[in-house]
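Architecture at a glance
The primary structure of each chain is shown beneath.
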Amino acid sequence: MTPGRPAAVPAASRATPAILALYVKVGACLLAIGADVRRIVVAGELRDGRVLVDQLLGADQLVTVATVLEVVALVVAAVLVLRWALAVRAAARALAGVSPWSADARVRRVMRAWFVALGFAVAAVVASRLLHGVAEDVEARQTIDVLRALATALSGVAAGLTIAVVSVVTARQQERAAEIGLPGTEFADADTGRVSEGGLRVVSEEQARTGSDRR
């Protein structure tokens, strides 16, 4: 790395936990979809007089648990993806200012698909929430659950596309690092100094003096 170029945490070190959290989010979406489908079926059986209301209450509880798990998985995944994105942004400065978000056609295609899926998911969630309080009969309740299941499915698709975004952007950044002779393993935290072309850590006199005082 040339002197004076800012260093950064390699995005690859933060990509793995983000991807794992997104896979958990996809799994939580599948569970939530299953809970919604089960309640749709139970509601239909209740309408036909084949089951008691207790079974519908049980289906409601399963939907509640699945929803909580999905929200928790979403929050954790969002935090880890944001943490990864901040590393990508910081590393872009070390990579001659080239941003992997816009410099690669693969990234642009995946990002467009991600925004489309996310937009439809948000629209489906809003529609189901607006109708949530006006379920006057079983049919209306089933319609709301269908919208919920659709929104959850689109949310799962968005999570899957986010996995693709993380993978592609991280790979592109590593490729860029190799192009300019900066292996990703030689990235350093921006506040701990620079890395020279030979892989040696370069620190300021103040940092060296501080380190000596601590020892």
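Definitions and limits used
- Residues numbered from 1 in each chain as written.
- Predicted model: local features only at pLDDT ≥ 70, side-chain atom pairs only at ≥ 80, totals over all residues.
- Heavy atoms only, no water.
- Helix = DSSP H or I, 4+ residues; strand = E, 2+ residues; numbered from the N terminus.
- Expected span 1.5 Å × (residues − 1).
- pLDDT = per-residue confidence, 0-100.
- Contact = heavy atoms within 4.5 Å.
- Phe/Tyr/Trp six-rings, centres within 6.5 Å; stacked < 30°, edge-to-face > 60°.
- Buried < 20%, exposed > 50% of the residue type's maximum accessible area, 1.4 Å probe, protein only.
- Core = buried A, V, L, I, M, F, W, Y, C linked by side-chain atoms within 4.5 Å.
- Polar contact = N/O pair within 3.5 Å; in protein donor to acceptor, adjacent residues only side chain to side chain.

**Thoughts on helix H1 (residues 12-47)**
Because the α-helix completes a turn every 3.6 residues, residues three or four places apart line up on one side. If you check H1, its first and last C-alpha atoms are 53 Å apart, about what 36 residues at 1.5 Å a residue would give, namely 52 Å. Immediately downstream of H1, the backbone of Gly49 shows phi near 80 degrees, a positive value.

**A look at the confidence of the model for the protein chain**
Across the protein chain, the average pLDDT comes to 75, with 71% of residues at or above 70. Confidence, expressed as mean pLDDT per element, reaches its minimum in the protein chain at strand S2 (residues 201-202) with 38 and its maximum at H1 with 92. Confidence over residues 1-7 falls short of pLDDT 50; this stretch has 20 contacts with residues more than four positions distant or in other chains. In this model, residues 184-215 is a region of pLDDT below 50 whose contacts with residues beyond four sequence positions or in other chains number 43 contacts.

**Notes on the packing of aromatic side chains**
A full pass over the atoms with the stated rule returns 1 aromatic pair. Seen in terms of ring centroids, Trp114 and Phe115 are 4.8 Å apart; in terms of plane orientation they differ by 70 degrees. Their pairing is edge-to-face. Overall, the relative accessible area of 51% leaves Phe115 in the exposed class.

**Side note on the nonpolar core**
The biggest cluster of nonpolar side chains holds 19 residues, and the ones touching the most others in it are Leu22, Trp84, Val165, Val166 and Val169. By residue number, the principal contributor to this core is helix H4 (residues 138-179), which donates 6 residues. Each residue touching Leu22, except ones within four places of it in the same chain, is listed here: Ala77, Val81, Ala159, Thr162, Ile163 and Val166. Core analysis: the next-biggest nonpolar cluster, separate from the first, contains 5 residues, Ala43, Val51, Leu56 and Ala59 among them.

**Section: the side chain of Thr170**
Looking at the secondary structure, you find Thr170 in helix H4. Here Val166 takes part through its backbone oxygen, which lies 2.7 Å from a polar atom of the side chain of Thr170. The contact partners of Thr170, leaving out residues within four places of it in the chain, are Ala11, Ala12, Ala15 and Trp84.

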